Amino acid sequence: MRRTCCISIDVDPIPCYYRIHSLGQPPPDMRSRIMCAALPRFSRLFAERNIKATFFIVAEDIDVKALGNDAIAMRAALREVRAEGHEIANHSYSHPYELARLSRFEVRDQLDRSHDLLSSFNGKAIDGFRAPGYDISAITLEELLRLDYKYDSSVFPAPGYYLAKALVMGALRLIGRKSGAVMTNARALTAPITPYRPSVQAPWRKGNAGIFELPVAVTRRTRTPVIGTNLLLVPPWLRSHWLRSMAKREFFNLELHGIDLCDAEDDGMPSELIARQPDLRIPAATKMESLAQIIDEIAESGSEFSTLSEYVSGLGVSVD
Ligand SMILES: [Zn+2]
């Protein structure tokens, strides 16, 4: 059995974390910090192992008309990633956590703008999309079909993630603040955990839409999220246990975030953000070493690495 691991990185900028944690506006010089600090680290690590990955980009970050010099700096960082042969994919225009609740007109605006910006930067069409907060909707899926996308990779069928999100939002409400996060549609919790063609009316179910859904990895029995953020923080024995369980599967959609390789000190992260994201205190070098070990363990188990776009173009007409 051929086994494939696709590593993808959601490059969410700092304002996203300020929204989730209800921290107000971030300092103005922070917009490009994650992209400019983390992308070269991912790139270096992947180059050493000859791996091609997928980077989900919030298109506003490369919109010079909207963000001026910040966008110019982020375009330079992303150009390096593109030159290494990694895939650039769509993570919406401005990362609205409420995307699944917006009108068709608003969803279309988010997708058209991001698709145009990212395609022209990329020099070729964009093949894939991941929704902010993993919240895919029927309208979003229809718009992806209209734009001829080959895959969506938003479904995250993990009750643990759902619960953690509810707890953070509830805790903020208790102290009179409101998180910018929006609850993911609970129907995703019962979605298939392996690639499938979704139903257009209900993207969490199998159907016959002309696009593939590539769910983010969870374990088979307990549906525990096997995402980079968790793998980097748990003890090595638990990490190996999860990786061994994923090694038996044909497809391992390993998701990370740009912030996973950021460093409180080296990257000058604001103290209010460090308080909410304590993993920023772990030095970037330590986290890069852990990620290198994760990648080596996956390679030793016999999996091959590819981008999500390459993987999906190898899928047949029917998937189970
Ligand atoms: Zn995101």
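Here goes a summary of the coordinates provided.

Conventions and cut-offs
- Residues numbered from 1 in each chain as written.
- Predicted model: local features only at pLDDT ≥ 70, side-chain atom pairs only at ≥ 80, totals over all residues.
- Heavy atoms only, no water.
- Helix = DSSP H or I, 4+ residues; strand = E, 2+ residues; numbered from the N terminus.
- Buried < 20%, exposed > 50% of the residue type's maximum accessible area, 1.4 Å probe, protein only.
- Contact = heavy atoms within 4.5 Å.
- Phe/Tyr/Trp six-rings, centres within 6.5 Å; stacked < 30°, edge-to-face > 60°.
- Lys NZ or Arg CZ within 6 Å of the ring centre and 35° of its normal.
- Expected span 1.5 Å × (residues − 1).
- Arc of directions from axis to C-beta.
- Axes fitted to C-alpha atoms, helices over the stretch in contact; angles between N-to-C directions.
- Left-handed = near helix turned anticlockwise from the far one by under 90°.
- Nonpolar A, V, L, I, M, F, W, Y, C, P; charged D, E, K, R; others polar.

What follows deals with the side chain of Ser32. Structurally, Ser32 is set in the loop between helix H1 (14–20) and helix H2 (33–48). What makes Ser32 buried here is its relative accessible area of 11%. When sequence neighbours within four positions are dropped, the list of residues in contact with Ser32 reads Asp70 and Met74.

Turning our eyes to something else, we now look at the environment of Leu315. With respect to the helices, strands and loops of the structure, Leu315 is situated in the segment after helix H12 (308–313). It is 24 Å that separates the C-alpha atoms of Leu315 and Phe46, two residues lying 269 residues apart in sequence. Excluding anything up to four places from it in sequence, Leu315 contacts Pro195, Phe212 and Leu214.

Given two aromatic rings, one states the distance between the centres and the angle between the planes to describe the pair. Taken as a whole, this structure holds five aromatic pairs when the rule is applied. On the basis of an interplanar angle of 40° and a centroid distance of 4.6 Å, the ring pair of Tyr134 and Phe156 is categorised as tilted. With Tyr134 in the loop between strand S4 (128–129) and helix H6 (138–146) and Phe156 in the loop between strand S5 (151–152) and helix H7 (159–174), the pair connects residues that are 22 residues apart, well separated along the chain. Across from the ring centre of Tyr93, 4.0 Å away, lies the NZ or CZ of Arg113, which sits over that ring. Sitting above the plane of the Phe212 ring, Arg197 keeps its charged end 4.3 Å from the centroid.

The subject of this paragraph is unusual backbone geometry. Located in the positive-phi region is Asn50, a residue other than glycine, with phi close to 55°. Here Asn50 is to be found in the loop between H2 and strand S2 (54–57). The phi dihedral of Asp148 is positive, around 70°, even though this residue is not glycine. Note that Asp148 resides in the loop between H6 and S5. According to the relative accessible area criterion, Asp148 is exposed, its value standing at 64%.

So, about the side chain of Gln110. Here Gln110 shows up in helix H5 (residues 104–122). The class of Gln110 is buried, set by a relative accessible area of 8%.

Let us look at helix H4 (residues 69–83). With 15 residues, H4 extends 21 Å from end C-alpha to end C-alpha; this agrees with the ideal 21 Å at 1.5 Å per step. Looking only at H4, the buried set comprises Ala71, Met74, Ala77, Leu78 and Val81. One face of H4 carries all of its buried residues, which in axial projection span an arc of 125°. With respect to the buried face of H4, the exposed residues turned more than 90 degrees away are Asn69, Glu80 and Ala83. Just downstream of H4, Gly85 is the residue with a positive phi angle, here 90°.

Time to look at the packing of helix H9 (residues 236–247) against helix H11 (residues 284–300). Contact pair H9 / H11: the axes reach a minimum separation of 10 Å and the direction vectors enclose 35°. For H9 against H11, the interelement crossing comes out right-handed. The residues of H11 that touch H9, namely those facing Arg239, Ser240 and Leu243, are Ser290, Gln293, Ile294, Glu297 and Ile298. Counted by class, the contact of H9 with H11 contains three nonpolar, three polar and two charged residues.

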